[in-house]
Amino acid sequence: MSYDIVADIQRLKKEKNAVILAHYYEDGEIQDLADYVGDSFYLAKMGQQVKEQVILLAGVVFMAESVKILNPTKTVLVPDLEASCSLVKGAPFESYLAWKKKHPDGIMVTYINSSSEVKSISDVIITSSNAAQIIESIPKDRKILFGPDQHLGRWLSKKLDRSFEFWPGSCEVHVLFNAKKLYQLISENPDAVVIAHPECEESVLQYATVIGSTSRLLEEVSKNPAKKFIVATETGIFHQMQKNRPDVTLIQAPVMDAGCACNNCPYMKMNSLEKIKSALESLQPEITLNEQLRLEALTSLDRMMAITSGQTVAWPSISN
Ligand code: 13P
Ligand code: SF4
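Because the structure is predicted, anything quoted here is derived from the model rather than measured. (Residues numbered from 1 in each chain as written. Chains lettered and ligands numbered in written order. Predicted model: local features only at pLDDT ≥ 70, side-chain atom pairs only at ≥ 80, totals over all residues. Heavy atoms only, no water.)

**Considering the packing of helix H4 (residues 61-70) against helix H15 (residues 291-308)**
When two helices pack together, you describe them by how their axes are tilted relative to each other and by the distance separating the axes.
Step number 1: The geometry of H4 relative to H15 is characterised by a closest axis approach of 9 Å and an angle of 95° between their N-to-C directions. In terms of axis orientation, H4 runs roughly perpendicular to H15. Between H4 and H15, the contacting residues are Ser66, Lys68, Ile69 and Leu70 on the first element and Arg294, Ala297, Leu298, Leu301, Asp302 and Met305 on the second. (Axes fitted to C-alpha atoms, helices over the stretch in contact; angles between N-to-C directions. Helix = DSSP H or I, 4+ residues; strand = E, 2+ residues; numbered from the N terminus. Parallel < 35°, antiparallel > 145°, perpendicular 65-115°, else oblique. Contact = heavy atoms within 4.5 Å.)

So this is what it looks like as structure tokens:
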């Protein structure tokens, strides 16, 4: 069954001149089918560069919206328009705007896990793989408003020795890892290297040797000669880790409720081969954005792209 559907999807891809981009948190069968698999920054970059007319983004909606903002002449599809993110939901436009207005002297640094509306009032977008580089390019005397992920923000603030104003958002998946249980697991596995995504709480991050984006964590497992890793991020990434290093043991960092499947991102896991096939057949659901909104959101994404490619950018002067 699964072989037939994969063949159908491959045929549809050719017929529709389509390319599939997938995030590391998708199910293994979706990652294996994709033309490009990566973290959120890589997907945005690839979405800007690919030649095919149709881009199907097997990930969450904010990732597909970022591609549409950067590459508006393409038809950008998602398997399920309901595939949101707790960080997007936790940063509604009106409240984020009110926060910005309270700090007219601040530079608004916003995680890519945000709505297009929130991006449109932000000064620069960051991802977990480029955040440090981007924040370091902001003059030291400027105040930083960092949102929506407070844990990523607190980790960066400490790492860069710089204070931020934080938006109180969080990832509903990464905050479930439990520090006490992790401590216990480490004592039972003293030979394991602990790696974690910076969306985890500080109480968990304190035990990690390596903290980074999904691609950074994958790189660590690929290159580190250790034979055992405790991994504090979403389960989908285990697929690539195990493909790259079939010889290692991967242990999921523990959550409070041992029986739950709560390390699965419920939004990423809304996607399926069936929905991908259907989206390619019907060219729906398609991401559409009002052009004015798209152009406003493009400014902050363009700054991210410019800084990560080594350019110097101008920052807005203190607004009223
Ligand atoms: P990455 O940028 O590390 O892929 O993270 C995206 C994400 O949503 C993590 O929860
Ligand atoms: Fe959002 Fe968390 Fe899911 Fe990533 S894992 S898409 S941050 S809810």
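**Structural notes on H15**
Step number 1: With 18 residues, H15 extends 25 Å between its outermost C-alpha atoms, agreeing within 8% with the 26 Å of an ideal straight helix rising 1.5 Å per residue.
Step number 2: If you look at H15, its biggest bend is around 30°, right at threonine 299.
Step number 3: For H15, the set of buried residues is Leu293, Arg294, Ala297, Leu298, Ser300, Leu301, Arg303, Met304, Met305, Ala306 and Ile307.
Step number 4: Each element contacted by the buried residues of H15 is listed here: helix H3 (40-49), H4, helix H7 (116-120), strand E6 (124-126) and helix H8 (131-136).
Step number 5: Remark: glycine 310 follows H15 within two positions and exhibits a positive phi of approximately 90°. (Expected span 1.5 Å × (residues − 1). Bend = angle between axes of the 7 residues up to and from the residue. Buried < 20%, exposed > 50% of the residue type's maximum accessible area, 1.4 Å probe, protein only.)

**Points about the nonpolar core**
Step number 1: One finds Val109, Ile126, Ile135, Phe146, Leu156, Ile230 and Met304 to be the most contacted residues of the largest nonpolar core, which totals 73 residues.
Step number 2: Beyond its immediate sequence surroundings of up to four residues, phenylalanine 146 is in contact with Trp99, Val109, Ile126, Ile135, Leu152, Gly153, Leu156, Phe164, Glu165, Phe166 and Trp167.
Step number 3: Membership of the second largest hydrophobic core comes to 33 residues, among which are Ile9, Tyr24, Ala226 and Phe229. (Core = buried A, V, L, I, M, F, W, Y, C linked by side-chain atoms within 4.5 Å.)

**Section: the pattern of salt bridges**
Step number 1: In this structure the tally under the stated criterion is 17 salt bridges.
Step number 2: We note a salt bridge from lysine 13 to aspartate 35, for which the minimum N-O separation is 2.9 Å. Separated by 22 residues along the polypeptide, lysine 13 in helix H1 (residues 2-16) and aspartate 35 in the loop between helix H2 (28-33) and strand E2 (36-38) bring together distant segments of the chain.
Step number 3: In this structure, glutamate 281 engages lysine 277 in a salt bridge whose closest nitrogen and oxygen atoms are separated by 3.7 Å. Of the two residues, glutamate 281 and lysine 277 are both situated in helix H14 (residues 273-282); the distance of four residues between them amounts to about one turn of the helix.
Step number 4: Judged by relative accessible area, which is 41%, glutamate 281 ranks as partly exposed. (Salt bridge = Lys/Arg side-chain N within 4 Å of Asp/Glu carboxyl O.)

**Thoughts on helix H9 (residues 150-160)**
Step number 1: The element H9 is extensively covered by neighbouring structure, given that eight of its 11 residues are classed as buried.
Step number 2: Within H9, the full set of buried residues consists of Gln150, His151, Leu152, Gly153, Trp155, Leu156, Ser157 and Leu160.
Step number 3: Structurally, the start of H9 carries an N-cap: the backbone nitrogen of histidine 151 is 2.8 Å from a side-chain oxygen of aspartate 149.
Step number 4: Downstream of H9 by a residue or two, aspartate 161 has a phi angle that is positive, lying close to 55°. (Polar contact = N/O pair within 3.5 Å; in protein donor to acceptor, adjacent residues only side chain to side chain.)

**Notes on the site of ligand 1**
Step number 1: His23, Tyr25, Asp39, Ser40, Tyr111, Asn113, Ser128, His174, His197, Glu199, Ser213 and Thr214 make up every residue found near ligand 1.
Step number 2: Within the side chain of histidine 23, one N or O atom sits 2.7 Å away from an oxygen atom of ligand 1.
Step number 3: Note that an oxygen atom of ligand 1 is positioned 3.1 Å from one of the side-chain N or O atoms of asparagine 113.
Step number 4: Burial of ligand 1 by the surrounding chains reaches 96%, relative to a free accessible area of 310 Å². (Near = heavy atom within 4 Å. Areas by Shrake-Rupley, 256 points an atom, 1.4 Å probe, with all protein chains shown as cover.)

**Some points on the pairing of strand E3 (residues 54-58)**
A regular strand carries its side chains on alternate faces of the sheet.
Step number 1: Among the five residues of E3, five are classified as buried, and the element is accordingly described as predominantly covered.
Step number 2: Burial along E3 is two-sided: the face carrying Val54, Leu56 and Ala58 and the face carrying Ile55 and Leu57 are both buried.
Step number 3: Here five bridges tie strand E1 (residues 18-23) to E3, and the two strands are oriented parallel to one another. In the sheet register, alanine 22 faces E3, and the bridge partner there is alanine 58.
Step number 4: Pairing of E3 with strand E4 (residues 75-77), which is carried by three bridges, proceeds in the parallel orientation. Note that in E4 the partner of leucine 56 across the bridge is leucine 77. (Pairing = 2+ DSSP bridges.)

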